[in-house]
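# Structural overview for review
Residues per chain are reported as follows:
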Amino acid sequence: MESISRISGLLETARDLTLEAAKDVGPRRPTRPLPTQQIKKLLDSRNEREVLDGLRRVIAMQYANPPQPTLTFFPAVLKTLSNPYPSTRPLVYNYLLHHAEADPDTTLLSINTIQKSLSDSNPRVRAMALKTMAGIRVPMISQLVSLAIKKGVSDLSPIVRKAAALACVKCVTLDANTRPQVEEYLAKLLEDQQYYVAGAAVQAFAEICPDRIDLIHPVYRKLCKMVVDMDEWGQLAILRLFPTYARKCFPMRKKRVKKAATREQKAQDFYEDLEPKEEREEDFDEVEVLDPDLELLLDSVQPLLHSRNSAVIVSVARMYLYLSPSEHLPHAIGPLVALLRSPKDIQEVALYNIVQVCLAKPAHFLPYIRHFLIRTSEAPQTWRLKLEVLTLLFPHCDKSMQDLILAELEHFSRGHNSDLVRESVRAIGRCSQASDAKTSRRCLSLLLKQIHSSDSVLVGEAMEVVRHMIQRSPDEHRKTVVRLAKNLDSLNSPMARASIIWLVGEFSGADPQNNIAADVLRILVRGYADETDEVRAQIVLLAAKVYLHDLNAKNVKKTALEALNSPSQEKQPESQVLSPPPEEGGFGEEHQQETPEAPEEEDTIALLYQHTMLLARYTSSYDLRDRARVYRALLALPSSTELASLLLLAPKPVPQAPSPSESHKGYALGSASLVIGSAAGVNGLRGYEPLPDWVATGEEPNAALRDAGGSGKTESYEPQKAVSAGQMLDAALEADPGYKSNGRKAKTLDDWLDDEEEEEETESESGDEETDEEEEEEDEEESEYETDEEEESEEQESESEGDEEAGLVR
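Residue positions within a chain follow its written sequence, with the count starting from 1. Given that this is a predicted model, residues contribute local features only at a pLDDT of at least 70 and side-chain atom pairs are listed and counted only at 80 or more, while totals for whole chains, interfaces and linings are drawn from all residues. The side-chain figures draw on all heavy atoms in the structure; neither hydrogens nor water molecules are used.

### Considering the overall build of the chain
Within the chain one finds 36 helices and two strands. Residues counted as buried form 38% of the 810 residues belonging to the chain. When checking whether two residues touch, look at their non-hydrogen atoms; a contact exists if any pair is within 4.5 Å. Across the chain, every contact between residues at least 6 apart in sequence was considered, and the portion connecting residues at least 24 apart equals 69%. Exposure was quantified through the Shrake-Rupley algorithm and a 1.4 Å probe, taking into account, for residues, occlusion by the shown protein chains and nothing else. Total accessible area on the chain is roughly 49,500 Å²; 51% of this is exposed by carbon and sulfur atoms. Each helix corresponds to a stretch of at least 4 residues labelled H or I by DSSP, and each strand to a stretch of at least 2 residues labelled E; elements are numbered beginning at the N terminus. The classification of residues rests on relative accessible area computed with a 1.4 Å probe and restricted to protein chains. Under 20% of the type maximum is buried, over 50% is exposed, and intermediate values are partly exposed.

Here you go:
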């Protein structure tokens, strides 16, 4: 009967496995929703397959869209924890974590069962139970979680120790009072020899107590050697932590090194007998001097540049940029550029970081400049960043590459995409700003060709860039202003017309003899009513500047005439001086009262100014009327123009067009603030912490702290490889002196006996040698004893002779 029951049990198990296999192999069909009572019935079943089916349905309801209420199944789900089914336990733990906060009282009923799982023989079950216990967000069990972590820290399985390291963060989040206990657990986990346990411990350390760098000192060198073997999350945690650690523990040291002599200097020193020259500051360079521990870190992370994870590559580049930009940063440039072949989201993030590196060290990207040429199929943000990289690299390129970049920018400035046209024109302006005079003139000619375009957006942007270029070197572009003024009749872009009128006003006092400002004003006033408010404001400003220059010229002429006439008035004849004044009521007074002064004829410029102010007075724009009122008040007294000259004719600052990412230059490479802040135009994100400054020399921690336990002995780490039992047996046999694995035969019994006889003979020979040596030593001792006795007798004889000579002994 017992055999029949066993056979029936096996058949039932085979049937269940067959049904499961058929269900998995067949096409996936949507699960038909069942009523609540039927699901509870499945959960209360003693059949593993039915319980598993019920749990799957509950979890599916939990993650449905929209989610369906599943809290009513809480008692039935917790009951399944008592079942010894390993397949159902992960689903129960998932449900428990999801609903623990909603019903904490019922959740506490499962703590005892989970604690029992912490002592299970299967390490994966122990790790799962520890994760679940730490994930239950009920503050009442914080001390139980701490005890579970303490038990997991000393577990023999590295899987459980890793789970304990990750549970430390949840424990501190659950109850902040457990932080001192958790820090002790982390100190022990950081010393673990398994690289994936140490990586998880570093992640927890960065979240819980990143300022406790005293916990890192003893394990620093070991972690540097482990980082290559860790998983990607552990590598990222170390790459985020160690730049801060290095800035706090290793001072930046530099030494002055004499520059290498050029070929011309060597030839000059060879052919001429020169006296030793005095050393100058220009003959020396400052070179970085790296601490040996810092150099160990930088060399250890270099293999991570071949990682398949883009975040790891960016983090290594971040470490090189802020710790050793001159020596190690060139190794990270190629992997960074290789990220441009990644998907679009990774490509965009990589470009943000490449721009940040270009702002600091642009020359490293010159061999890869063709990778930043624009494709029409790229997203707007991608080609914006590529244009920025091209403009940053433009001053450092050779002539052929500069021609290629300008040709690309000219091509895209004539496209149909208005945003790309605008950015291309601005890029041309930035290229002209950071180049020599010849290249700047070429950029200016490219922009002047765009003025006659039918696209008003292109014309406006081109004219704005041209205005900035003229302001940088006004003396070289006087003819350019005249050429632009001739195009006012054909230009339709309000932005371009306003820029040209402003330039004419700025150059209105440059050359009084050949000035076209008054004529331009006369022509513009005719069509004042048809202009936009932006152009009208510039016309009113031009009228004020032209009138002010005219007043200044008249005042200078009047002052010169007064200076010429004043000496003649001082040297008047005596007859005129002594002549009496006319009597009151006399002829002279009547004559003066009867002859009125002849009115001075108002010149054309004054009339033109008054007419322009009158037009501005009846303009519908409040801002324009207020401007005209200010100009009239400034120029009300023709003899007092100092204040008006200070406001209207003051020298303007030279405009600069910095790179768009210049405002976000302070953000660390690889940070979210660099990407999101640059894209959204915000100044950083909440929680961003910049890298600390380098520690001052003499204030850094003692290097002996980084030795293992402070004993001065460096702890070595070698990655542990899986070794099979056969390999261990072979190694033990090879270590045995009686076993030779190099093709020789094993020793026989005769060989062993011969070896023993040889050993006895050698022992007897060694015994004879020892006896001979002992006899020789005894002879030597006797001879030494005799010589000592002879010396003593001689000394006594010499002493007796001396006493006799002294008369003491007869």
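Back to the write-up after that little detour.
### Looking at helix 8 (residues 123–135)
A rise of 1.5 Å per residue sets the reference length of helix 8, with its 13 residues, at 18 Å; its end C-alpha atoms lie 18 Å apart and thus fit the reference within 8%. Along helix 8, the residues that are buried comprise Val125, Arg126, Ala127, Ala129, Leu130, Thr132, Met133, Ala134 and Gly135. Throughout this description, a polar contact denotes any pair of N or O atoms lying within 3.5 Å of each other; where both atoms belong to protein, one of them has to be capable of donating a hydrogen while the other can accept it, and for residues adjacent in sequence the pair is counted only when both atoms sit in side chains. With a side-chain oxygen lying 3.2 Å from the backbone nitrogen of Arg124, the N-terminal cap of helix 8 falls on Asn122. Under the convention used throughout, the expected extent of a helix is 1.5 Å for every residue step, that is, one less than its residue count.

### Focus on the packing of aromatic side chains
Here a ring pair, both rings aromatic, is described through the centre-centre distance and the interplanar angle of the planes. Two aromatic rings, drawn from Phe, Tyr or Trp (for Trp, its six-membered ring), form a pair once their centres lie within 6.5 Å of each other, and the interplanar angle then sorts them: stacked below 30 degrees, edge-to-face above 60, tilted otherwise. Tallied over the entire structure, the rule returns 10 aromatic pairs. When the ring of Tyr220 is compared with that of Tyr245, the centres are 5.1 Å apart and the planes differ by 25 degrees; the resulting orientation is stacked. Placement of Tyr220 in helix 13 (residues 220–226) and of Tyr245 in helix 14 (residues 232–249) is noted, with a sequence separation of 25 residues between them. Here Tyr220 falls in the buried class, since its relative accessible area comes to 0%. Ring geometry for Tyr547 against Tyr609: centres 4.3 Å apart, planes inclined by 10 degrees, an arrangement best described as stacked. Of the two residues, Tyr547 is situated in helix 28 (residues 533–570) and Tyr609 in helix 31 (residues 604–617); the sequence distance between them amounts to 62 residues.

### Section: the environment of Ala246
When you line up the elements, Ala246 lands in helix 14. With a relative accessible area of 0%, Ala246 lands in the buried category. Placed 48 residues apart in sequence, Ala246 and Leu294 show a C-alpha to C-alpha distance of 6.9 Å. Residue contacts for Ala246: discarding those within four places in its chain leaves Leu294, Leu323 and Trp694.

### Remarks on helix 3 (residues 48–62)
Compared with the 21 Å implied by 1.5 Å per residue over 15 residues, the 21 Å span of helix 3 between its first and last C-alpha is a close match. Listed as buried for helix 3 are Val51, Leu52, Gly54, Leu55, Arg57, Val58, Ile59, Met61 and Gln62. Looking at the packing, one finds that the buried side of helix 3 touches helix 2 (36–43), helix 4 (74–79) and helix 5 (89–99). For helix 3, the N-terminal capping position is held by Asn47, with its side-chain oxygen 3.3 Å away from the main-chain nitrogen of Arg49.

### Thoughts on a nonpolar patch on the surface
Here the term patch refers to residues with relative accessible area over 30% and no salt bridge, with like charges joined within 9 Å and nonpolar side chains (Val, Leu, Ile, Met, Phe, Trp, Tyr) within 5 Å. By definition, a salt bridge exists where a carboxyl oxygen of Asp or Glu is found within 4 Å of a side-chain nitrogen of Lys or Arg. Together, Leu643, Leu646 and Leu647 make up an exposed nonpolar region whose accessible area comes to about 330 Å². Summarising the element assignment, Leu646 is placed in helix 33 (residues 642–648).

### A closer look at unusual backbone geometry
Note that the residue after Asn65, namely Pro66, is joined by a cis bond; omega there is 0 degrees. Inspection of the secondary structure puts Pro66 in the loop between helix 3 and helix 4.

### Structural notes on the confidence of the model for the chain
What pLDDT reports is the predictor's confidence in each residue, on a scale of 0 through 100. Mean pLDDT over the chain stands at 80; residues scoring 70 or higher make up 75%. Note on residues 795–810: pLDDT under 50 across the span, and three contacts to partners over four residues away in sequence or across chains.

### Quick word on the nonpolar core
By size, the foremost hydrophobic cluster in this structure holds 196 residues, and its most contacted members are Ile149 and Phe242. When residues no more than four places from it in sequence are discounted, the contact partners of Phe242 are Ile216, Tyr220, Leu223, Cys224, Leu297 and Met319. What we call a nonpolar core is a set of buried Ala, Val, Leu, Ile, Met, Phe, Trp, Tyr and Cys residues that are connected through their side-chain atoms within 4.5 Å.

### Digging into the pattern of salt bridges
Under the defined criterion, the tally for this structure stands at 34 salt bridges. With its nearest N and O atoms 3.9 Å apart, the salt bridge here joins Asp211 to Lys248. In this pair, Asp211 sits in the loop between helix 12 (195–208) and helix 13 while Lys248 sits in helix 14, placing the two residues 37 residues apart along the sequence. Residue Asp211 is classed as exposed on the basis of its relative accessible area, which comes to 63%. For Lys248, a relative accessible area of 30% gives the class partly exposed. Here Glu461 and Arg426 are joined by a salt bridge, their closest N and O atoms 3.2 Å apart. Of this pair, Glu461 sits in helix 24 (residues 456–472) while Arg426 sits in helix 22 (residues 418–433), and the two are 35 residues apart along the sequence. Of the residues examined, Glu461 reaches a relative accessible area of 9% and is grouped as buried.

### Some remarks on the packing of helix 9 (residues 142–153) against helix 10 (residues 158–174)
In this analysis, axes come from line fits to C-alpha atoms, helices being fitted only over the stretch in contact, and the angle between any two N-to-C directions falls in the range 0 to 180 degrees. Running from N to C, helix 9 and helix 10 cross one another at 155 degrees; their axes reach a closest spacing of 9 Å. Accordingly, the angle class assigned to the pair helix 9 and helix 10 is roughly antiparallel. Our pair here, helix 9 against helix 10, has a crossing hand that is left-handed. When helix 9 is examined against helix 10, the residues Ser142, Val145, Ser146, Ile149, Gly152 and Val153 are found in contact with a partner set consisting of Val160, Arg161, Ala164, Ala167, Cys168, Cys171 and Leu174. Three classes are used: nonpolar for Ala, Val, Leu, Ile, Met, Phe, Trp, Tyr, Cys and Pro, charged for Asp, Glu, Lys and Arg, and polar for all others, with Gly counted as polar. Tallied by class, residues from the contact of helix 9 with helix 10 come to nine nonpolar, three polar and one charged. Orientation categories follow fixed angle ranges, with anything under 35 degrees roughly parallel, anything over 145 roughly antiparallel, 65 to 115 roughly perpendicular, and all other angles oblique. Less than a right angle of anticlockwise turn of the near helix away from the far helix marks a crossing as left-handed, whereas a clockwise turn marks it as right-handed.

### Regarding the side chain of Ser661
Assignment of secondary structure puts Ser661 in the loop between helix 33 and helix 34 (672–680). On the basis of relative accessibility, which here comes to 9%, the residue Ser661 falls in the buried class.

### Focus: the side chain of Ser659
Take Ser659: it is sitting in the loop between helix 33 and helix 34. For Ser659, a relative accessible area of 10% puts it in the buried group. Setting aside its immediate chain neighbours within four residues, Ser659 contacts Leu359, Glu388, Leu392 and Arg430.

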